[in-house]
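Below are the chains, spelled out letter by letter.
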Amino acid sequence: MRNLILGLLVVVSTSLAQSNFNEEMKKFLASEEGQQQIASALQTFAKREQERAIQGQLDEQFKSPATVDVGSSPVVGAKDAKVTVVEFSDFECPYCKRGAATMEQVLKAYPNDVRVVFKHRPLGFHQNARPASKAAWAAHQQGKFSEMKKALFDGQQSLGTPNFFEETAKKIGLDVAKFKKDMESKEADEAIKADEAQADSLGVQGTPGFFVNGVSIQGAQPFPEFKRVIDRWLAQGK
């Protein structure tokens, strides 16, 4: 920061020639141009410091990434992918919908190198999130998790509509009777609770939460944030 301010002072002082430096500096700082240059310098400094802090946090995580158990959770992408992104999500959360769209970008950009694993993290204040998770789990039992996931996020505003899950199951070609039985089963409830317990152990409080080969990315971050971490893992040959 000191260097930035000194640089500005040098530029100003050089242009002042024989003028009284203090007086001219006061005028400069009071002028719109001077204030804009100072503001620009402060913004540049803040951005650089923020980037340095983020990079430092990433360096620490790459040294000791978290261990995330994939288990029998739904997986999309290459089976032998070098990078695994684990997504903790809530079907009623608008930010999770955005995060799901970013995961589609990731899979499109890295068709051979990345796979995405879905984990349920229904938040307590979203009354339709847990039933939606059970619907997704039930669809997974018939091999159509991805279709149900898309339908749930696309119909996010209709999750509380009567018979929405059954009608959606029918639309995507599920055995509706089996779907309803699986959705209401003890196994569905236990599977979701297991994902929630894992989220708690990893410190995932809000949604969405992601782990890229164990490196945490929290919130609905844009594609470049994931690319930064994925490319670093690929460069390391992992």
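Only a predicted model underlies this, so the values are computations on that prediction, with no experimental measurement involved. (Residues numbered from 1 in each chain as written. Predicted model: local features only at pLDDT ≥ 70, side-chain atom pairs only at ≥ 80, totals over all residues. Heavy atoms only, no water.)

### Points about the overall build of the chain
- In terms of regular secondary structure, the chain is built from 10 helices and five strands.
- Taken across its 238 residues, the chain has 38% of its residues classed as buried.
- In the chain, of all internal contacts separated by at least 6 residues, the share reaching a separation of at least 24 is 75%.
- Accessible area of the chain: about 13,400 Å², with a carbon and sulfur share of 51%. (Helix = DSSP H or I, 4+ residues; strand = E, 2+ residues; numbered from the N terminus. Buried < 20%, exposed > 50% of the residue type's maximum accessible area, 1.4 Å probe, protein only. Contact = heavy atoms within 4.5 Å. Areas by Shrake-Rupley, 256 points an atom, 1.4 Å probe, with all protein chains shown as cover.)

### Topic: the pattern of salt bridges
- This structure, assessed with the given rule, holds 13 salt bridges.
- Of the charged contacts in the structure, one is a salt bridge between E60 and K63, with a shortest N-O distance of 3.3 Å. Here E60 and its partner K63 are both found in helix α3 (residues 32–63), three residues apart, which amounts to about one turn of the helix.
- Using a relative accessible area of 47% as the deciding quantity, one classes E60 as partly exposed.
- Under the relative-accessibility criterion, K63 is labelled exposed at 63%.
- Ionic pairing is found between D154 and K150, a salt bridge with its closest N-O pair at 2.6 Å. On the criterion of helical spacing, the pair formed by D154 and K150 is a turn pair, its members being four residues apart in helix α6 (residues 145–154). (Salt bridge = Lys/Arg side-chain N within 4 Å of Asp/Glu carboxyl O.)

### Here's the deal with the side chain of K149
- Positionally, K149 belongs in helix α6.
- Classification of K149 by relative accessible area gives buried; the value is 15%.
- If we skip the residues at most four places from it in the chain, K149 touches E87, F91, A100 and F118.

### Describing the sheet that holds strand β1 (residues 75–77)
- Pairing is mixed in the open sheet, where five strands are placed in the order β1-β3-β2-β4-β5. Every other strand in the sheet has two partners, leaving β1 and β5 (215–218) as the edge strands with one partner each. In this sheet, neighbouring strand axes are inclined to one another by 20° on average, regardless of whether the strands run parallel or antiparallel.
- Looking at chain direction, strand β4 (residues 209–212) and β5 are connected through four bridges and run antiparallel. Paired with V212 across the strands is V215, a residue of β5.
- In the packing of α6 onto the sheet, the strands contacted are β1, β2 (83–89) and β3 (114–120), and the crossing angle to β3 comes to about 65°. (Pairing = 2+ DSSP bridges. Axes fitted to C-alpha atoms, helices over the stretch in contact; angles between N-to-C directions.)

### Things to note about the environment of A78
- Along the chain, A78 falls in the loop between β1 and β2.
- Separated by 35 residues in sequence, A78 and D113 have C-alpha atoms that sit 6.8 Å apart.
- Sequence-distant contacts of A78, that is, excluding residues within four places in its chain, are made with P111, N112, V114 and R115.

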